[in-house]
Amino acid sequence: MEKTFGACRWVYNQGLELRRNGWEQYRVSVGYAETCRALTGWRRAEETSWLTEVSSTVLQQSLRHLDAAFQGFFKGARKYPKRKRKHLAKDSATYVRAGMGFRWGEDADRPGTGLLTLAKQTEPLSVRWSRPLPPGVVPVKLTITRDRAGRYFVSVLVEEVIEPLPKLITDGRCSVCRADGGNKGLSVRAWTCAECGTLHDRDANAAVNLREEGLRLYRLVVEALPAGPTPPPLIRARDLPR
Ligand SMILES: [Zn+2]
């Protein structure tokens, strides 16, 4: 876990730096999608290739937490996000089952408990369950934290709102030539566009498409607004008329 915690902390801090520098130096708002693309780059770069020893979905979750910290700050509910410092910040790593972050096998003799095996590990975690999960329920997300006394905790989330639809639309479209490459399942991590030959990282490509889709929706809304009022700084997809 040491390596995973360290990588999560590193990615969080790098993401924070990217977002802060983007804004302070260039007045560019760097969001979650851009930090994910940066993560893909860090994993490919030779000097930070050690990041590939940790599951990429776990590192993406770290960037999600960073994004949540920023959202809280933008709403005025939280202070500006701070760097996570070793031994000072609580260590944490979040695993998502859909991203093959962990495997789950329910114990038939003790329903609601079972074996959790994390990505890149062969042995299941030794968990002392404080209370069983509702029987038959499969965890979708789990977060492992370590407090400053070195004690480990696992918190399990059993339900999650399904990701919004755009992901499905966007992950098969080539972000370079816009040819539709068909829907990519979760198992297809990289694919080559049959039209223009670009080799895509599935998530990075989807992130570009999502961002463009967001901008397109935003423009639609702005164009539909009556003349005069300043366009709002943020429009949520779910607020748009269907
Ligand atoms: Zn293409």
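You'll find the structure just up there.
The structure reproduced in this document is the subject of the present report. (Residues numbered from 1 in each chain as written. Predicted model: local features only at pLDDT ≥ 70, side-chain atom pairs only at ≥ 80, totals over all residues.)

### What about unusual backbone geometry?
Argument step 1. Phi angles above zero are rare outside glycine, and His-87 is one such case at about 70 degrees.
Argument step 2. For His-87, a count of 6 C-beta atoms within 10 Å gives the class exposed.
Argument step 3. Non-glycine residue Lys-120 carries a positive phi angle of around 65 degrees.
Argument step 4. The topology assignment puts Lys-120 in the loop between strand E3 (114-118) and strand E4 (141-146).
Argument step 5. Residue classification places Lys-120 among the partly exposed residues on the basis of 14 C-beta atoms within 10 Å. (Buried ≥ 20, exposed ≤ 12 C-beta atoms within 10 Å, placed from the backbone. Helix = DSSP H or I, 4+ residues; strand = E, 2+ residues; numbered from the N terminus.)

### So, the sheet that holds E4
Backbone hydrogen bonds are what pair the strands of a sheet, in a parallel or an antiparallel way.
Argument step 1. The sheet built from three strands is open, its strands ordered E1-E4-E5 with antiparallel pairing. The open sheet is flanked by strand E1 (91-96) and strand E5 (152-157), the only strands paired with a single partner. Pairwise comparison of adjacent strand axes, ignoring direction, gives a mean angle of 15 degrees for this sheet.
Argument step 2. Bridge count for E1 against E4 is six bridges, and the pairing is antiparallel. Residue Thr-94 lies in a different strand from E4, and its bridge partner there is Thr-143.
Argument step 3. In this fold helix H1 (residues 2-26) packs onto E1 and E4, with an angle of close to 95 degrees to the strand it touches most, E1. (Pairing = 2+ DSSP bridges. Axes fitted to C-alpha atoms, helices over the stretch in contact; angles between N-to-C directions. Contact = placed C-beta atoms within 7 Å.)

### Overview of the pairing of E4
Argument step 1. Pairing geometry for E4 and E5, over six bridges, is antiparallel. The residue bridging Arg-146 from the neighbouring strand is Tyr-152, located in E5.

### Quick notes on the packing of helix H2 (residues 32-44) against helix H3 (residues 56-74)
Argument step 1. Contact geometry for H2 and H3: axes closest at 10 Å, N-to-C directions at 145 degrees. Every pair of crossing elements has a handedness; the one defined by H2 and H3 is right-handed. Between H2 and H3, the contacting residues are Tyr-32, Thr-35, Cys-36, Leu-39 and Arg-43 on the first element and Ser-56, Leu-59, Gln-60, Leu-63, Arg-64, Leu-66 and Asp-67 on the second.
Argument step 2. Looking at the contact of H2 with H3 residue by residue, the classes come out as six nonpolar, three polar and three charged. (Left-handed = near helix turned anticlockwise from the far one by under 90°. Nonpolar A, V, L, I, M, F, W, Y, C, P; charged D, E, K, R; others polar.)

### Looking at H1
Argument step 1. In this model, H1 (25 residues) spans 35 Å end to end at C-alpha, consistent with the 36 Å of a helix rising 1.5 Å per residue.
Argument step 2. Where the residues of H1 are buried, they touch H2, H3, E1 and E4.
Argument step 3. Note on H1: the residue one or two positions beyond its end, Arg-27, has a positive phi of about 55 degrees. (Expected span 1.5 Å × (residues − 1).)

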